[in-house]
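Listed below, chain by chain, are the residues.
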Amino acid sequence: MTVSDRDERPAGQQDPADASGETFSQAEIERLAEALVFASAEPVSEAFLAERLPRGTHVPSVMHRLAEVYASRGVNLVRSGDRWAFRTAADLSFVIRKDENEARKLSRAALEVLAIIAYHQPVTRAEIEDIRGVQTSRGTLDVLMEAGWVRFRGRRRTPGRPVTLGTSPDFLDHFGLEELRDLPGLEELKGAGLLSGRIPPNFQVPLPGMSDDFAEDEDPITQMDLEELGLLAPSGEEQD
Amino acid sequence: MTVSDRDERPAGQQDPADASGETFSQAEIERLAEALVFASAEPVSEAFLAERLPRGTHVPSVMHRLAEVYASRGVNLVRSGDRWAFRTAADLSFVIRKDENEARKLSRAALEVLAIIAYHQPVTRAEIEDIRGVQTSRGTLDVLMEAGWVRFRGRRRTPGRPVTLGTSPDFLDHFGLEELRDLPGLEELKGAGLLSGRIPPNFQVPLPGMSDDFAEDEDPITQMDLEELGLLAPSGEEQD
Amino acid sequence: MAMNIAQGAIPMDKLWQDAPEKSADDPELLIDVGGFEGPLDLLLHLAKVQKVDLARISVLALAEQYLQFIDSARRVRIELAADYLVMAAWLAYLKSKLLIPQQAKGDDGPTGEEMAATLAFRLKRLEAMREAATQLVNRNRLGRDVFARGAPEHIPHRFKSAYDANLFDLLSAYANLRQRQAVTQVTIERRKVWSLADARALLTQMLGEIGEWTALQQYLLTYLPPADRVTAMASAFAASLELVREGKLEIRQEGAFQPIYMRGGTKADAAGEVVVDGF
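If you're wondering where the values come from, they're calculated on a predicted model, not measured in any experiment. (Residues numbered from 1 in each chain as written. Chains lettered and ligands numbered in written order. Predicted model: local features only at pLDDT ≥ 70, side-chain atom pairs only at ≥ 80, totals over all residues. Heavy atoms only, no water.)

It is worth spelling out the sheet that holds strand E6 (residues 163-167) of chain B at this point. Residues and elements named next belong to chain B. Read from one edge of the open sheet, three strands run E4-E6-E5, paired in antiparallel fashion. Two strands in the sheet have a free side with no partner beyond their single neighbour: strand E4 (123-124) and strand E5 (150-155). The sheet contact formed by E4 and E6 spans two bridges and is antiparallel. Considered in E6, the bridge of Thr 124 is made with Thr 164. (Pairing = 2+ DSSP bridges. Helix = DSSP H or I, 4+ residues; strand = E, 2+ residues; numbered from the N terminus.)

So, in structure tokens, the structure goes:
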């Protein structure tokens, strides 16, 4: 299927280094230089460019011409030492710098906990630990709460009345799901190659219900509960 | 985590969007847009640009103008979906191509499944299997998902609510498509009814004769043919 | 279904080079049928080798070739995956329908010609997708022909959230976790058994377009290796009952030990009717 690259090249285009017979226009050489600097992960030396540009090209003059072209643009071609690179124009760096706090990748543990909460909700902390076989560190749930994907749903009507966790509307939004029932089931996970065939016959993937319905053995969480959990200041001091 | 952008901005520099008093020239706006897209390796969405360009900027027209400016250069501004990116010009691939970062090779099956998903989306696994006449091996979809080209789209509103698959924005970016409508041959395939699950009404199949006769330009398959195809052992070794 | 095809197995020609050393009567010989991706692929290949234009293909001739191929393969005891055999059964049925003039029995099921058209359509569609795939992969691809900024200065947020994760990450994490917990010590022996799900899929596949009473199992059994027959029969029967319950299938049997006739049900969700006269 992958045809040799050389065969795909439009006829008439030759490796510039070999193109002793051919002459490249000024514009062509600039295009080449521009593309080389753009695609490079590091500033590009003039020696590197000389190797790739048509034989006999006077690299410094090409680069200086290019730098002039870009001087008035939002991106400049700048030289440091004998190496060239594209950089955002200094006066515009504020638009770029804005984004320095980049989205962080969720840790594997956080992904696991989030997925369990999504599929098994309403689920208690103990149940999450049971499924994962390890204790969930405090920070993991905090991260998910902070991301706004996980919420306290209610309390299980069992001894100790453990808090149940579920996903939030933001979770659906972020992961592009219309509703919880859109989470792929066993067959689909298998089909996508995510679950291998080596699973026991009684293996099941729960089908989460609608996010807002309370389970039979679940009570809505109350103001009192949140206070008890230390999640809200005692009432009276409540803001808003 | 996400500190408000406003607080981080160096004093004296105002958000262009808030600079109600200030007017930005066309050229300034283009410089900003250019800087924002140039700085990123990934395509940048028009929504992202709209947030950062002066209020009231008609982003698509700015981008189209910029794209024209860059059309003849070694680096082009290209659209994929509602996102924009700078990419080296395709005709320069021969100088820039680095052997180390060859694009990943897809198996024949994966490529076929990818094409089916692209042309038939939203499509269920069962439909893919119907088209290929074979089960999709475990891992094929996995490869496509991991490459980031295929995603779960949703679920079909039919019994069993099968998950539907489609392509991702990265698919467009990778294959240099502005939008799905630009898939090669899409209109012809649609016109020929080959993207539907049913036989198109105008689909003509010559009625086979009521005998074993082969057509004029047709020979019966022979033992020799099967050997040639490598499907059978050379005769003589035949068992039974 | 494709369980009998070793994934990425040795191509046929390689296989034959070793053939003399191999015990010729080894019935467990697994092959990648020349690298074919299922019966449709094989059919498409047969059509191409015969230089038959798909637009004017003779389905009957193609069916003949396919059946000859399967017969030849069985003669040399090549174990073929179930899909190939099901297709053989279906083509044998199609052939019989094409050769025997249609009797006006008031059947509203598709004629042999309609079935042939369906097959031709599927082949053409698959071929079109192959062609599309080739065109796609030969486009200027990012990282091969076209390159992104090598030294990006920022990454625009895809999401508003401060955390980045996509559905695929989430699902893989979940699947891996559950799998890890589930299969710690469980090893399942691979048995030569047709599961209910297998049988169901096969029946549905075969019955898809058949609207008249047909003794389908007979076609099926002709093409199954003897060792598979009992399990295939049992599973197919169980699966057919399940399909009847769902209204996707009707079955009829004249008497005990008589052939079981089946035909596609009328509605997918209507209650099915079981007619078992013999009991």
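Right, picking up where we left off after that structure.
All names here are of chain A. Burial runs high along strand E6 (residues 150-156): five of the seven residues are buried. In this structure, E6 lies alongside strand E7 (residues 163-167), joined through five bridges in antiparallel fashion. For Arg 155, the partnering residue across the bridge sits in E7 and is Val 163. Turn length for the E6-E7 hairpin, with the two strands adjacent in sequence and antiparallel, is six residues, and the turn residue Gly 160 shows positive phi of about 90°. Pairing of E6 with strand E8 (residues 218-220), which is carried by three bridges, proceeds in the antiparallel orientation. The partner of Arg 156 across the bridge, within E8, is Glu 218. (Buried < 20%, exposed > 50% of the residue type's maximum accessible area, 1.4 Å probe, protein only.)

What follows deals with the packing of aromatic side chains. All names here are of chain B. Going through the model one piece at a time under the given rule, you end up with ten aromatic pairs over all chains. Considering the side-chain rings of Tyr 70 and Phe 86, the 4.7 Å spacing of their centres and the 70° angle between planes classify their relative orientation as edge-to-face. With Tyr 70 in helix H4 (residues 59-70) and Phe 86 in strand E3 (residues 83-88), this residue pair connects regions lying 16 residues apart in the sequence. By relative accessible area, Tyr 70 is classed as buried at 0%. Relative accessible area serves as the criterion here: at 1%, Phe 86 is assigned to the buried category. (Phe/Tyr/Trp six-rings, centres within 6.5 Å; stacked < 30°, edge-to-face > 60°.)

Attention shifts here to the interface of chain C and chain A. With 39 residues of chain C in contact, the opposing surface of chain A contributes 52 residues. Taken together, both faces of the contact between chain C and chain A bury some 4,200 Å²; the carbon and sulfur share is 61%. Applying the counting rule to chain C against chain A returns two salt bridges. Viewed at the interface, chain A and chain C are joined by eight residue pairs in polar contact (both at pLDDT 80 or more). Contributing elements (two or more residues each) for the side of chain C that touches chain A: helix H5 (112-137), strand E1 (163-164) and helix H6 (167-182) of chain C. In terms of residues, the side of chain C that touches chain A owes the most to one element, H6 of chain C, which gives 16 residues. Across the side of chain C that touches chain A, the residue classes tally to 21 nonpolar, eleven polar and seven charged. Judged from the two bridges that link them, strand E4 (residues 104-105) of chain A and E1 of chain C form a sheet pairing that is parallel. (Contact = heavy atoms within 4.5 Å. Buried area = accessible area lost by both parts, 1.4 Å probe. Salt bridge = Lys/Arg side-chain N within 4 Å of Asp/Glu carboxyl O. Polar contact = N/O pair within 3.5 Å; in protein donor to acceptor, adjacent residues only side chain to side chain. Nonpolar A, V, L, I, M, F, W, Y, C, P; charged D, E, K, R; others polar.)

Another point: the packing of helix H4 (residues 82-99) of chain C against H5 of chain C. Residue and element names in this part refer to chain C. Contact pair H4 / H5: the axes reach a minimum separation of 8 Å and the direction vectors enclose 140°. As far as their axial angle goes, H5 and H4 are oblique. Relative to H5, the crossing made by H4 is left-handed. Counted together, Met 87, Trp 90, Leu 91, Tyr 93, Leu 94, Lys 97 and Leu 98 of H4 and Gly 112, Glu 113, Met 115, Ala 116 and Leu 119 of H5 form the full contact between these two elements. Considering only residue class, the contact of H4 with H5 consists of nine nonpolar, one polar and two charged. (Axes fitted to C-alpha atoms, helices over the stretch in contact; angles between N-to-C directions. Parallel < 35°, antiparallel > 145°, perpendicular 65-115°, else oblique. Left-handed = near helix turned anticlockwise from the far one by under 90°.)

Residues and elements named next belong to chain A. Of the residues in chain A, 78% have a pLDDT of 70 or more, and the chain-wide mean is 80. Helix H1 (residues 5-8) is the least confidently modelled element of chain A, averaging 39 in pLDDT, while helix H4 (residues 59-71) averages 95, the highest of any element. Confidence over residues 1-21 falls short of pLDDT 50; this stretch has 32 contacts with residues more than four positions distant or in other chains. This stretch, residues 235-240, has a pLDDT under 50; its non-local contacts, to residues over four places away or in other chains, come to two contacts. (pLDDT = per-residue confidence, 0-100.)

Here chain A is described as being made up of domain 1 (25-91) and domain 2 (108-195 + 205-228). Computed over C-alpha atoms only, the centres of domain 1 of chain A and domain 2 of chain A are separated by 53 Å. (Domains from an automatic or database assignment.)

Inside soluble globular proteins, nonpolar side chains tend to come together where they are buried. Grouped together as the largest cluster of nonpolar side chains are 82 residues, with contacts concentrated most on Phe 171 of chain A together with Phe 171 of chain B. The contact partners of Phe 171 of chain B, leaving out residues within four places of it in the chain, are Leu 114, Ala 118, Gly 148, Trp 149, Leu 177, Leu 180 and Leu 183 of chain B together with Leu 136 of chain C. (Core = buried A, V, L, I, M, F, W, Y, C linked by side-chain atoms within 4.5 Å.)

Right, let's get into helix H7 (residues 125-132) of chain B. Every buried residue of H7 of chain B is accounted for by Ile 128, Glu 129, Ile 131 and Arg 132 of chain B. Angular distribution of buried residues about the axis of H7 of chain B spans 160°; they occupy a single face of the element. Buried residues in H7 of chain B make contact with helix H6 (108-120), E4 and E6 of chain B together with helix H2 (39-49) and H5 of chain C. One or two steps after H7 of chain B, the chain reaches Gly 133 of chain B, where phi turns positive at roughly 70°. (Arc of directions from axis to C-beta.)

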